[in-house]
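Residue-level structure breakdown
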Amino acid sequence: MKCVLDSTVFFTDYPVTGECYTTPSVVAELVDLKSKCRYDLLVAAGLTVRSPVGQDLARVREAARKSGDLPVISGTDCDVIALAGELGATIFTDDFAIQNVAAGMGIAVQPLRQRAAKKIAWKYRCSGCGRYFKTDGECPVCGSNIKRKLK
């Protein structure tokens, strides 16, 4: 089984087997001794560090925009999803935004320590006047904050 590992795997002792991959941006997030040691162990066991192809990143960003997760998804998250899509692999993560975008793209996800996220869609509503918008930010009508809410 092919799997793409998010940072969460390196912060826990979750067992992984099979053909494992991660991205350089995930490796850059590993700053504490425990996660670096876990990374070294997995590299010795055959972990491959690989960057996704650019066109896959564009598809991930579009899927994140459609699901409403674009404001909260990081570049590292996009890399992980894009690489999993490119390889036809399962993503190992506890990140709900990654799980939501991956579900929208038909990419399998394996949660580690938390329950699996349910696929959700977001809407954006002004906290002042109650109008709905396509993104968060400041309301052009009343100037209040536009906040992300569950549909």
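Just above sits the structure.
About the thresholds
Residues numbered from 1 in each chain as written. Predicted model: local features only at pLDDT ≥ 70, side-chain atom pairs only at ≥ 80, totals over all residues. Heavy atoms only, no water. Phe/Tyr/Trp six-rings, centres within 6.5 Å; stacked < 30°, edge-to-face > 60°. Helix = DSSP H or I, 4+ residues; strand = E, 2+ residues; numbered from the N terminus. Buried < 20%, exposed > 50% of the residue type's maximum accessible area, 1.4 Å probe, protein only. Pairing = 2+ DSSP bridges. Salt bridge = Lys/Arg side-chain N within 4 Å of Asp/Glu carboxyl O. Axes fitted to C-alpha atoms, helices over the stretch in contact; angles between N-to-C directions. Parallel < 35°, antiparallel > 145°, perpendicular 65-115°, else oblique. Contact = heavy atoms within 4.5 Å.

**What to know about the packing of aromatic side chains**
Evaluated as defined, the whole model comprises 2 aromatic pairs. Consider the rings of Tyr14 and Phe92, whose centres lie 6.0 Å apart with planes at 65°: the pair is edge-to-face. Here Tyr14, found in the loop between helix H1 (7–11) and strand E2 (19–22), pairs with Phe92, found in strand E4 (residues 90–92); they are 78 residues apart in sequence, far enough to count as distant. By relative accessible area, which is 16% here, Tyr14 ends up buried.

**A short note on the sheet that holds strand E1 (residues 2–5)**
One open sheet holds the 5 strands; their spatial order is E3-E2-E1-E4-E5, and the pairing between them is parallel. Lying at the two open borders of the sheet, with one neighbouring strand each, are strand E3 (48–49) and strand E5 (109–110). In the sheet, E1 pairs with E2 via 3 bridges, with the strands oriented parallel. Following the sheet pairing, Val4 is matched in E2 by Tyr21.

**Focus on the pattern of salt bridges**
According to the stated counting rule, one finds 3 salt bridges in the structure shown. Salt-bridge contacts for Glu86 lead to Arg50; the nearest nitrogen and oxygen are separated by 2.4 Å. Residue Glu86 is located in helix H5 (residues 75–87), and its partner Arg50 is located in the loop between E3 and helix H4 (54–67); the two are separated by 36 residues in the primary sequence. In this structure, Glu62 and Arg65 form a salt bridge, with 2.4 Å as the shortest nitrogen-oxygen distance. Highlighted residues: Glu62 and Arg65, both in helix H4, separated by 3 residues, approximately one helical turn. Under the relative-accessibility criterion, Arg65 is labelled partly exposed at 48%.

**Quick word on the packing of H4 against helix H6 (residues 96–105)**
Contact geometry of H4 with H6 gives a least axis separation of 9 Å together with a crossing angle of 105°. Judged by the angle between their axes, H4 and H6 are roughly perpendicular. In contact with Arg59, Val60, Ala63, Ala64 and Ser67 of H4, H6 contributes Asn100, Val101 and Met105.

**Observations regarding the side chain of Asp77**
Looking at where Asp77 falls in the secondary structure, it is placed in helix H5. Excluding its chain neighbours within four sequence positions, the residues that come into contact with Asp77 are Val72, Asp95 and Ile98.

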